[in-house]
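Here are the chains, one letter per residue:
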Amino acid sequence: MQGKYTIEVVDLLVNPQLARGDHIVAIPTLVRKLPEPIRKIIGDLSNTERVLVGLQLRPARPQGD
C-alpha cells in the first residue's frame with residue numbers, strides 16, 4: 001500500500017485543539033477521511049489486519065480461515 005496513502009500523525013497531548021475537528025474523544029484514534037464515508041478505529045491498533053479491514057482497505061476474511 002506504499003505510495004497510495006498519506007498518514008499524518010498528530011500528538012493530541014501537544015495539540016489537543018486538533019481533536020475537535022475530527023470529533024476525537026479517545027486516544028489512540030485512527031481516522032480515514034477519504035474515500036468517504038469517514039472511518040475511525042479507536043483503541044488497540046496493533047493488529048494490522050484488523051485495522052485494515054476496519055478502515056475498509058482490505059476485505060474481511062470469511063470466518064474459519
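Residues numbered from 1 in each chain as written. Predicted model: local features only at pLDDT ≥ 70, side-chain atom pairs only at ≥ 80, totals over all residues. Heavy atoms only, no water.

Q: It is not clear to me how the pairing of strand β2 (residues 39–42) should be interpreted in this structure. Could you clarify?
A: On any regular strand, side chains alternate: one points to one face of the sheet, the next to the other face. Pairing between strand β1 (residues 29–32) and β2: four bridges, direction antiparallel. Its bridge partner being in β2, Leu30 is matched across the sheet by Ile41. Hairpin connection from β1 to β2: six residues lie between these consecutive antiparallel strands. (Pairing = 2+ DSSP bridges. Helix = DSSP H or I, 4+ residues; strand = E, 2+ residues; numbered from the N terminus.)

Q: Could you clarify how one ought to interpret a nonpolar patch on the surface in this entry?
A: Taken together, Leu13, Val14 and Ile27 make up a surface patch of nonpolar side chains, about 360 Å² in accessible area. With respect to the helices, strands and loops of the structure, Ile27 is situated in the loop between α1 (18–21) and β1. (Patch = residues over 30% accessible without salt bridge, like charges linked within 9 Å, V, L, I, M, F, W, Y side chains within 5 Å. Areas by Shrake-Rupley, 256 points an atom, 1.4 Å probe, with all protein chains shown as cover. Salt bridge = Lys/Arg side-chain N within 4 Å of Asp/Glu carboxyl O.)

Q: Please explain unusual backbone geometry as it appears in this structure.
A: Negative phi characterises most residues that are not glycine, and trans characterises most peptide bonds. Looking along the chain, the bond that leaves Ile27 and enters Pro28 is cis, with omega of 0 degrees. Note on placement: Pro28 falls in the loop between α1 and β1. The phi angle at His23 is positive, at roughly 55 degrees, despite the residue not being glycine. Following the sequence through the fold, His23 ends up in the loop between α1 and β1. Despite not being glycine, Gln56 has its phi angle at roughly 60 degrees, a positive value. The residue Gln56 is located in the segment after α2 (48–54) in this model.

Q: How should I be thinking about the pattern of salt bridges in this particular structure?
A: Opposite charge on two side chains permits them to pair, given that their charged atoms come into close proximity. Evaluated as defined, the whole model comprises two salt bridges. Its salt-bridge partner being Lys33, residue Asp22 comes within 3.5 Å of it at the nearest N-O pair. Here Asp22, found in the loop between α1 and β1, pairs with Lys33, found in the loop between β1 and β2; they are eleven residues apart in sequence, far enough to count as distant. By relative accessible area, which is 46% here, Lys33 ends up partly exposed. Two residues, Arg58 and Glu49, come together in a salt bridge whose shortest N-O distance is 2.6 Å. Residue Arg58 is classed as partly exposed on the basis of its relative accessible area of 34%. A relative accessible area of 24% places Glu49 in the partly exposed class. (Buried < 20%, exposed > 50% of the residue type's maximum accessible area, 1.4 Å probe, protein only.)

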